[in-house]
Amino acid sequence: MPAQFLLNVFIAVLWTLINDESELRFTTFVAGYLVGIGIVFLMHRFFGERFYLSRFIALIKLIFIFTRELIMSSKLVLGQILKPKLSIKPGLFKYETVLHGDWEITALALLLTLTPGSVVIEVTDDGDAFYIHAMDVEESKDILLKSIDNFEKAIMEVTR
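**Examining helix H4 (residues 102–114)**
Working step 1: For H4, built from 13 residues, the straight-helix expectation of 18 Å at 1.5 Å per residue is met to within 8% by its first-to-last C-alpha distance of 18 Å.
Working step 2: Against the buried residues of H4 lie helix H3 (52–82), strand S2 (118–123), strand S3 (129–134) and helix H5 (137–159).

Listed below in structure tokens is the structure:
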């Protein structure tokens, strides 16, 4: 990936130098960078790895997924708080993850902890399972499992 980025910057610098302008302009460099993105995208198969901007796009997608899940779970928690009578059944459950590696497991644990209504209590020594505390196990467990699945897919797109 660094080779693709460096090639793209090199193309942008060449584009800037080849354009016959009396002074260097940032807009010319940006135009060269955009042309370089197209060239590197067409040539990325020769590098033997995926296109370097696809990881950045996957990161932006993960941020949007987290924001959506944060808003949805905040609405759920707020609805529980505003009810006249509190009718929740908190509980613990074990979730076995498909993620591997310290970065992936840590990212998932942090995303779940930052989402209202759920807290990661413990990660097993092997790193293949989480113990999660849910605010309302009966009502929100299915929603939480769907959001965990979305987080896992998005994290794998970013890291692999």
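**Side note on the environment of Lys89**
Working step 1: The topology assignment puts Lys89 in the loop between H3 and strand S1 (91–96).
Working step 2: Once the C-alpha coordinates of Lys89 and Glu139 are considered, the two residues, 50 residues apart in sequence, prove to be 8.5 Å apart.
Working step 3: In this structure Lys89 touches Met135, Asp136, Val137 and Glu138, once residues within four positions along its chain are discounted.

**Let's talk about the sheet that holds S1**
Working step 1: One open sheet accounts for 3 strands, arranged S1-S3-S2; its pairing is antiparallel. The open sheet is flanked by S1 and S2, the only strands paired with a single partner. Averaged over neighbouring strand pairs, the angle between their axes works out to 30° when direction is ignored.
Working step 2: Pairing analysis gives 6 bridges linking S1 to S3, with the strands arranged antiparallel. For Tyr95, the partnering residue across the bridge sits in S3 and is Phe130.

**Quick word on the pairing of S3**
Working step 1: Here 5 bridges tie S2 to S3, and the two strands are oriented antiparallel to one another. Paired with Ser118 across the two strands is Ala134, which belongs to S3.
Working step 2: Hairpin connection between S2 and S3: a loop of 5 residues separates the two successive antiparallel strands, and Gly127 in this loop has a positive phi of roughly 80°.

**Points about the side chain of Thr16**
Working step 1: Inspection of the secondary structure assignment puts Thr16 in helix H1 (residues 2–18).
Working step 2: We classify Thr16 as buried; its relative accessible area is 11%.
Working step 3: A polar side-chain atom of Thr16 sits 2.8 Å from the main-chain carbonyl oxygen of Ala12.

Here is what the cut-offs are and how they apply
- Residues numbered from 1 in each chain as written.
- Predicted model: local features only at pLDDT ≥ 70, side-chain atom pairs only at ≥ 80, totals over all residues.
- Heavy atoms only, no water.
- Helix = DSSP H or I, 4+ residues; strand = E, 2+ residues; numbered from the N terminus.
- Expected span 1.5 Å × (residues − 1).
- Contact = heavy atoms within 4.5 Å.
- Pairing = 2+ DSSP bridges.
- Axes fitted to C-alpha atoms, helices over the stretch in contact; angles between N-to-C directions.
- Buried < 20%, exposed > 50% of the residue type's maximum accessible area, 1.4 Å probe, protein only.
- Polar contact = N/O pair within 3.5 Å; in protein donor to acceptor, adjacent residues only side chain to side chain.

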